[in-house]
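# Per-entry structural report
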Amino acid sequence: MGQHTPNLVSQKPNSSTLFTGRKEVLKQLKVHFAPYVNRKRQMFLLYGMGGIGKTQICLKFAEEIISKVFWVDASSTDTITLSLKAISGNADGSAPSTLQQIAALEDEWLLVFDNADGGPEVVEKFLPPGNKGNILITSRNLALQRITLVENSLGLPEMTKEDAVMLLQKSSGLVSLFKDQPELAEKIVSELCCLPLAVDQAGAAIHSGLCDVHKYLEHLSKHRQRLMSHPLFRGASQYDRTVYGTFELSYSEIEARATRPNSHVASAAQTAILILQTCAFYHHDNISKDIFKHAAEKSRQQDVEVEIKQGLPLAITSLDYRLLPIDEDGHWDELFFNQGLQMLHSFSLIKRDLSSNVFSMHPLVHYWSQDRMSKLLKQEYCQIGRIILSCAISFGEETDDYRQRQRLLPHINANYQYGTQIGLEQIFRDDEYEKFSVVFGESGDWKKKEALDLELVSKRRDILGLEHPNTLGSMSFLASTYQNQRQWKKAEELQELLVQVIEQRKKFYGLEDPETLTSIKNLAAVYRDQGYFQKAEELQVQALEKTKKVLGLEHPDTLRSMDNLALTYREQRHLQKAEELVVQVLDQKKKLLGLEHPDTLRTMGNLALIYKEQGHLQRAEELVVQVIEQKKKLPGLEHPDTFTSINNLA
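Let me sum up the structure you'll find in this document. (Residues numbered from 1 in each chain as written. Predicted model: local features only at pLDDT ≥ 70, side-chain atom pairs only at ≥ 80, totals over all residues. Heavy atoms only, no water.)

### Brief notes about the overall build of the protein chain
A count of helices and strands for the protein chain gives 30 helices and 8 strands. Each of the three principal axes of the protein chain carries a C-alpha extent, and together these read 105 × 55 × 50 Å. Taken across its 650 residues, the protein chain has 53% of its residues classed as buried. Contacts spanning at least 24 positions in sequence make up 69% of the contacts within the protein chain whose residues lie at least 6 apart. Of the roughly 29,400 Å² of accessible surface on the protein chain, a fraction of 50% belongs to carbon and sulfur atoms. (Helix = DSSP H or I, 4+ residues; strand = E, 2+ residues; numbered from the N terminus. Buried < 20%, exposed > 50% of the residue type's maximum accessible area, 1.4 Å probe, protein only. Contact = heavy atoms within 4.5 Å. Areas by Shrake-Rupley, 256 points an atom, 1.4 Å probe, with all protein chains shown as cover.)

Structure (structure tokens):
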């Protein structure tokens, strides 16, 4: 013992009697702090979101390994000073003198800075002098890596499901019941995302009788905010905070920074709050920065003067630009956005993949970010998020455009779901409905597409008139949607109306008018699907000749027309004609769009079917295998088109 040992009070809280699991983390700490001769000071940071179990792991580690432990509440400079005064054993003891005494100890010692969420500058000035001893830091703020170095830190994951179930058994006192009904425990911990504090709090609620164990999930679904914030169940970590309370602690610090005189810090904090509130109404996972980039840049490139003059309500006119600033070159200011992301990340409110443009939120943080808002604020930010999504969509036909639309689908679905839950009024916005309709159609969700297409037809007919090209276009889309759902009667009735309007348009605009040609093609598709192949062929040949003349052979509309005519030929068993057309189309699409593009893949699938029906089974199989492999990369194995290809191969 050093000469100052008698003056120091080695103290720390006791670990929870419910502590469960975390063997791998404890093993890593033991290896890192393993004693050996002439070892220099070892430092380590455990970081992660509130309630993840940082403090309890440190307490357990300290109990098992090192006897001389000095525990410091590092929440602020004041709490650190008070903790060091208590360690000194002297009411007049100063922090510097206490740190000197700790540094002079000859025995192995561990100094723990717990809940050091204020940043590295708070802790750095309280490090003992010299190069001996062990220092362990817990924080939500991974910026503390500046003290320990990145390689001497660990971001804590959630518990394993097995450990979470064991914790729930202990906390609820229902060990036997959960052993007999393991699936019930697994459902509860899965819903709580295996967050230790949430699992412990659930067990406490069950143990107290507040919630019947068999109805806990039902109560959680209906009263999540109350259960996650209930003051009677603050967990076993002596943390004295509920699950939502831990998240509020981080949010309060960000709010405080948003009002600081330092404009840089305040701007980053304000951006962080905006990101959190907007993304609360997206899916919690795989939120891409490209959503905001595309919305910022495409919205400023789009000319909507004509639509505005026509009286169409547009999402773009209500776009909130606070997260969408652009630089002098017209590019989205990513640095501005990154400052907000970095602040959320530093408090473990989001997770970032630094190798990509994607970030995510823990599901419970995501729930909390919604639950903390008033109903009016929820509706406001749900609407803001929806409009940003719509403005991020383009009608481009490149593979990247298609991929972007597919990446947006989970966020569009989530936004609609949350909008329904909070009673958000469904407001018609022409550009939003048209873009979301395209996304739903490309994903095979025809019911959702139908609802949007019906509204587009109705509103455009009222505002623009029946003969307007945009009205006719939406009618064609709706007919195609009916057709894809095999609602032949509805599709034919709508197309017959289109025929009448088309005849009128021919008189005014001629047969070469693009919207007239589109309507003719859609009517032909309905005829084909209903078995009227001769009618379909006549219309398709007529439309193809005019489309080639107006747009040229390489235009996507021309290629689609050739594809559709080939399908009609195939249905009539004119297989040689069909093959010649499809081979020509496929060569053009590979050159113009690339092998991965959905249109190219659909054409390959059509050619495979023709080969199959001609008896060229080897050639057919080779093509379909290519299609399946490419579609696994793009829309995913769950996409309806992929299953069609697999069935064709079978």
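Next, the rest of the story.
### Remarks on the environment of Ala-202
Counting through the fold element by element, Ala-202 comes out in helix 10 (residues 196-208). Judged by its relative accessible area of 1%, Ala-202 is buried. Sequence separation of Ala-202 and Leu-227 is 25 residues, and the distance between their C-alpha atoms is 8.0 Å. Beyond its immediate stretch of four places on either side in the chain, Ala-202 contacts Leu-168, Leu-192 and Tyr-216.

### Focus: the pattern of salt bridges
Applying the stated rule across the entire model yields 29 salt bridges. Across the pair Arg-403 and Asp-400 runs a salt bridge whose closest N-O atoms are separated by 4.0 Å. Taken together, the residues Arg-403 and Asp-400, both in helix 19 (residues 399-421) and 3 residues apart, mark about one turn of the helix. A salt bridge links Glu-579 to Arg-619; the shortest N-O distance between them is 4.0 Å. Here Arg-619 lies in helix 29 (residues 617-633) and Glu-579 lies in helix 27 (residues 575-592), a separation of 40 residues in the sequence. Three or more residues are tied together by salt bridges with common partners; here these are Asp-557, Arg-560, Asp-599 and Arg-602. (Salt bridge = Lys/Arg side-chain N within 4 Å of Asp/Glu carboxyl O.)

### A closer look at the layout of surface pockets
There is about 530 Å³ of room inside the second largest pocket. For the second largest pocket, the lining is made up of 26 residues, of which Asp-117, Gly-118, Asn-141, Arg-257 and Phe-347 are closest to its centre. Counting residues per element, the ones that place at least two in the lining of the second largest pocket are helix 5 (120-124), helix 12 (243-258), helix 13 (263-279) and helix 16 (334-346). Its residues assigned to classes, the lining of the second largest pocket comprises 8 nonpolar, 10 polar and 8 charged. (1 Å grid on protein atoms, 1.4 Å probe; cavity = no way out; pocket = protein on both sides within 12 Å on 5 of 7 lines; lining within 4 Å. Points joined across faces, edges and corners; volume = space filled by probe spheres on them. Nonpolar A, V, L, I, M, F, W, Y, C, P; charged D, E, K, R; others polar.)

### A short note on the pairing of strand 2 (residues 69-73)
Put simply, side chains in a regular strand alternate between the two faces of the sheet. Burial analysis of strand 2 places 4 of its 5 residues in the buried class, the great majority of the element. As judged from the 5 bridges shared by strand 2 and strand 3 (residues 110-114), these two strands associate in the parallel manner. Its bridge partner lying in strand 3, Val-72 is registered against Phe-113. (Pairing = 2+ DSSP bridges.)

### Section: the sheet that holds strand 3
Taken in spatial order, the 5 strands make up an open sheet running 2-3-4-1-5, and their pairing is parallel. Looking at strand neighbours, the two that pair on one side only are strand 2 and strand 5 (153-155), the edges of this open sheet. For this sheet, the mean angle separating the axes of adjacent strands, direction not counted, is 15°. In this fold helix 2 (residues 54-65) packs onto strand 1 (42-47), strand 2, strand 3 and strand 4 (134-139), with an angle of close to 160° to the strand it touches most, strand 4. (Axes fitted to C-alpha atoms, helices over the stretch in contact; angles between N-to-C directions.)

### Looking at helix 7 (residues 161-172)
The end-to-end C-alpha distance of helix 7, which contains 12 residues, comes to 16 Å, matching closely the 16 Å that a straight helix rising 1.5 Å per residue would cover. Of the residues making up helix 7, those classed as buried are Asp-163, Ala-164, Val-165, Leu-167, Leu-168, Gln-169, Ser-171 and Ser-172. The inward-facing, buried residues of helix 7 abut helix 8 (175-180), helix 9 (182-191) and helix 10. A positive phi of about 75° marks Gly-173, the residue just after helix 7. (Expected span 1.5 Å × (residues − 1).)

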